[in-house]
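In case you want the letters, here they are:
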Amino acid sequence: MPVISLQAIPMEHGLLLAAILFILGMVGVLTRRNIIFVLMSLEIMLNAVALAFVVGGARWAAADGQIMFLMIISLAAAEVAVGLGLVLQLFNRFKTLDLDILSKMKG
């Protein structure tokens, strides 16, 4: 089985894939009403940005892309931890994960 290096893949294809993933994530954020799906769409958007950094770093043979990838992955892990904590608190209080109901909260 031949091994395909990242240099064999044109930069435009990697950036096109990153753009498609980002647009799919943005559509998910804008159209979904369930907070779990919104968080998953945000993760897809973060992964698309990380992919764009890796492709750019591979194109110019710099380690900056991988460094930014590690930073984005750690940011995504922190976002998931905080987001799921908020989801658990909101579900325990309101017994729903629908964002339309949660937007009508009264203080």
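Residues numbered from 1 in each chain as written. Predicted model: local features only at pLDDT ≥ 70, side-chain atom pairs only at ≥ 80, totals over all residues. Heavy atoms only, no water.

J.: I'd like to hear about the overall build of the protein, residue by residue, with values.
T.: Looking only at helices and strands, one finds 4 helices and 0 strands in the protein. Secondary structure elements of the protein occur, N-terminal to C-terminal, as α-α-α-α. A compact globule built from 107 residues would reach a C-alpha radius of gyration of about 13 Å, whereas the protein, at 18 Å, exceeds it by more than 25%. Reported as C-alpha extents along the three principal axes, the dimensions of the protein are approximately 55 × 30 × 25 Å. Buried residues in the protein amount to 23% of all 107 residues. (Helix = DSSP H or I, 4+ residues; strand = E, 2+ residues; numbered from the N terminus. Rg over C-alpha atoms; globule rule 2.2 N^0.38 Å. Buried < 20%, exposed > 50% of the residue type's maximum accessible area, 1.4 Å probe, protein only.)

J.: Any details on helix α2 (residues 35-59)? Residues and values, ideally.
T.: When the terminal C-alpha atoms of α2 are compared, their 36 Å separation across 25 residues agrees well with the 36 Å that a helix rising 1.5 Å per residue should span. N-cap assignment for α2: the residue whose side-chain oxygen lies 3.0 Å from the backbone N of Ile36 is Asn34. Just downstream of α2 lies Ala61, where phi reads positive at about 50 degrees. (Expected span 1.5 Å × (residues − 1). Polar contact = N/O pair within 3.5 Å; in protein donor to acceptor, adjacent residues only side chain to side chain.)

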